[in-house]
Amino acid sequence: MTRPLLIGVSARIYYPTGPVLDLGGVWSRTLHYLEQSFVHWVISRDVLPVMVPAVDRESLLRRTEISLHGYAGMLDGLLLQGGNDIAPESYGESPLAPEWRGDRIRDRYEIELLDAFIEAGKPVLGICRGCQLINVALGGTLYQDIPTQRPDALPHLDTAQYDHQFHDVELVPGTRLAGLYPGVRRASINSIHHQAIKDLAPELEVEARSVPDGIVEAVRWRGPGYVFGMQWHPEFLAQHDWHETQLDAHHILQDFLQAARQRRDAPTDER
Ligand code: MN
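Residues numbered from 1 in each chain as written. Predicted model: local features only at pLDDT ≥ 70, side-chain atom pairs only at ≥ 80, totals over all residues. Heavy atoms only, no water.

### Some remarks on the coordination of the manganese ion
Piece 1. Coordination of the manganese ion by the protein involves His156 (ND1), His167 (NE2), Ser191 (OG), His193 (NE2) and Glu217 (OE), with metal-donor separations of 2.2 to 2.3 Å.
Piece 2. Here the donor residues of the manganese ion are spaced in sequence according to H-x10-H-x23-S-x1-H-x23-E. Remark: His193 occurs in the loop between strand E9 (186-190) and strand E10 (196-197) and His156 occurs in the loop between helix H5 (146-149) and strand E8 (166-171); sequence separation between them is 37 residues. Grouping residues by exposure puts His156 and His193 together as buried. (Donors = N, O, S within 2.8 Å, 3.2 Å for Na, K, Ca; no water. Helix = DSSP H or I, 4+ residues; strand = E, 2+ residues; numbered from the N terminus. Buried < 20%, exposed > 50% of the residue type's maximum accessible area, 1.4 Å probe, protein only.)

As structure tokens, this is what we get:
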């Protein structure tokens, strides 16, 4: 019997911030976590998501005591979860406002993870922050805050609506993404982000844009491997009653898992 696909998942990180969550106990500690609807979107009889914790200088063990390359060798693919903002320092800028300083620890850890998986020739799928991280890791930049830097843009975040905030995207014809949806040019997706890609990394190709503001919503690496990022949250789409104007994210997940299966079953010397 073939073993299940083992898909590495980057940790979401919760930092205790004092009075905001005055819950005490475990909430007073830094938490690494998987968001339930996200892992439920991925897990199945044949697919096991495995969280790879982040390590920084505050950790009990040193960075040299673990090997992200070793993990990438054992796992069949990588999912980058959504979550905290990317730190402007990660793309050579300073925060325009203190609340946009982002999470530099998570950036460093996820960029290393991404490098290790690219190096191992294992597929990578980035969600929301994960899409932005792929762009930054490959040399691109971000809008630190869409409403400030692109006042012409649609609302891409509504904290009250959260995952019920939707807008349309246009799939770029001829791309792998468009190929997953024959006959679909435009569809509705959810939008829960206030940052977005500003300068596209040189090795990335845009596969979907928001309509009509043109904000980048999906990117793919042109290099010799499977690296895809989408700005929307497929796991929340899968949870709600799906209707036909919305992009069915099942096809994107299956495409990614198929690439992971092919890599797992390829002869070990094949890169
Ligand atoms: Mn959006």
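### Some details on the environment of Thr175
Piece 1. Residue placement: Thr175 occurs in the loop between E8 and helix H6 (176-179).
Piece 2. In sequence terms Thr175 and Glu205 are 30 residues apart; their C-alpha atoms lie 8.8 Å from each other.
Piece 3. If sequence neighbours within four positions are ignored, Thr175 has contacts with Glu205, Val206 and Glu207.
Piece 4. In terms of polar contacts, Thr175 uses its side chain to reach the backbone carbonyl oxygen of Val172, at 2.7 Å.
Piece 5. Only 3.2 Å separates the side chain of Thr175 from the backbone nitrogen of Ala178, close enough to count as a polar contact. (Contact = heavy atoms within 4.5 Å. Polar contact = N/O pair within 3.5 Å; in protein donor to acceptor, adjacent residues only side chain to side chain.)

### Section: the nonpolar core
Piece 1. Judged by nonpolar contacts, the single largest core of 34 residues is most densely connected at Leu113, Phe117 and Val124.
Piece 2. Of all the elements in the fold, those that place two or more residues in this core are helix H2 (68-74), strand E5 (77-80), helix H3 (104-119), helix H4 (129-137), strand E11 (204-210) and strand E12 (216-221).
Piece 3. When residues in this core are grouped by element, the largest group, six residues, is from H3.
Piece 4. For Phe117, the residues in contact, after removing those within four places along its chain, are Ala72, Leu75, Gly77, Leu78, Lys122 and Val124.
Piece 5. Among the nonpolar cores identified, the runner-up in size contains 33 residues, and Val169, Tyr226, Trp232 and Ala260 belong to it. (Core = buried A, V, L, I, M, F, W, Y, C linked by side-chain atoms within 4.5 Å.)

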